[in-house]
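# A structural walkthrough
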Amino acid sequence: MMGMMSAFKVATWNVNSLRVRLPHVLSWLASAKPDVLALQEIKMLEADFPYDAIREAGYVAAVSGQKTYNGVAVLSRQASSDLLTDIPDLDDHQRRVLGVTIGSVRLLNLYVPNGESVESEKFKYKLNWLTKLDLFLKNELKKYPQLIVLGDFNIAPAEIDVHDPKRWEGQVLFSTPERQAFQALLQVGFSDCFRQLSPDEKSYSWWDYRMNAYKRNMGLRIDHVLASKPLSLLCEQCYIDQSPRSWERPSDHAPVVAEFALR
DNA sequence: ATGGTTGCAACGCAA
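The text that follows walks through the structure, step by step, so that each part is easy to find. (Residues numbered from 1 in each chain as written. Chains lettered and ligands numbered in written order. Predicted model: local features only at pLDDT ≥ 70, side-chain atom pairs only at ≥ 80, totals over all residues. Heavy atoms only, no water.)

Let's shift gears to the packing of helix H3 (residues 121–143) against helix H5 (residues 176–189). Packing of H3 against H5 leaves a shortest axis separation of 9 Å and a crossing angle of 5°. For the element pair H3 / H5, the angle class is roughly parallel. For the pair formed by H3 and H5, the contact residues are Phe 123, Lys 126, Leu 127, Leu 130, Leu 133, Asp 134, Leu 137, Lys 138 and Leu 141 on the first element and Pro 177, Glu 178, Ala 181, Ala 184, Leu 185, Val 188 and Gly 189 on the second. The class makeup of the residues in the contact of H3 with H5 is 11 nonpolar, 1 polar and 4 charged. (Axes fitted to C-alpha atoms, helices over the stretch in contact; angles between N-to-C directions. Helix = DSSP H or I, 4+ residues; strand = E, 2+ residues; numbered from the N terminus. Parallel < 35°, antiparallel > 145°, perpendicular 65-115°, else oblique. Contact = heavy atoms within 4.5 Å. Nonpolar A, V, L, I, M, F, W, Y, C, P; charged D, E, K, R; others polar.)

This next bit is on the protein's contact with DNA strand B. Around DNA strand B, 17 residues are found, and the nearest of them are Ser 17, Arg 21, Thr 68, Lys 122 and Arg 210. Considering DNA strand B, the proportion of its atoms within 4 Å of the protein that are sugar or phosphate atoms stands at 67%. Take Ser 17: an N or O atom from its side chain is 2.3 Å from a phosphate oxygen of DNA strand B. In this structure, Arg 249 approaches DNA strand B through a side-chain N or O atom, which is 3.2 Å from a phosphate oxygen. With 3 residues, the single largest contributor to the surface near DNA strand B is helix H1 (residues 18–32). Across the surface near DNA strand B, the residue classes tally to 5 nonpolar, 4 polar and 8 charged. (Near = heavy atom within 4 Å. Polar contact = N/O pair within 3.5 Å; in protein donor to acceptor, adjacent residues only side chain to side chain.)

Rendered as structure tokens:
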């Protein structure tokens, strides 16, 4: 109907192998019923993607995969179009990016490099990757006013996003250059939906498999949904669904969900 | 306390 609002529910989840986590994804889709689910670390080739199971669940899939590592996919109820798998001017064989258009919304699903440690070459690769992303997003915002950038950013933006900021200070995922890179992304014209709606909430999206980190709630908020300013005004809910992290043989990440009241 | 756990794939690498 004319003028009627409809909820557009998007989610992001680093599944750490879709081969292992397919039952988790199917179960979560059935209960959460998002319009879109962006997956990271599917760790498989497109040829091995479980298209049939995803279709039977009521979703279509756009996939950018590779063998063994990385790999991203976007599941959606509506078909997606205008797929993009690479950031211009970033020569990267690692499959970490998937842009799609769904209805009036442009989505960019990201698996930002982990960085390993602040002393490593992978850390330099991470920072360069984020710089190139920044330049890319400036142009994407001009093309797509309704833009959502979501995924595993491998950055906890602030102290409130870390269970023990003192211990994590200067470490990868929470170092100053990474946090500055995250702020630079926001400065391009995005809002961190979770933090926008819950300024004081301590809620994490990732817990290390080691040291019983989940049971002790030793987590970090490193998975994010960023919305362009026009869209952020329409964001009505954003939350982290911790429940799948407590399931049998879980991913080390939990899904982050955001709901937008599209016109 | 420089540990520990998981996935992939092959006895190491990446997270």
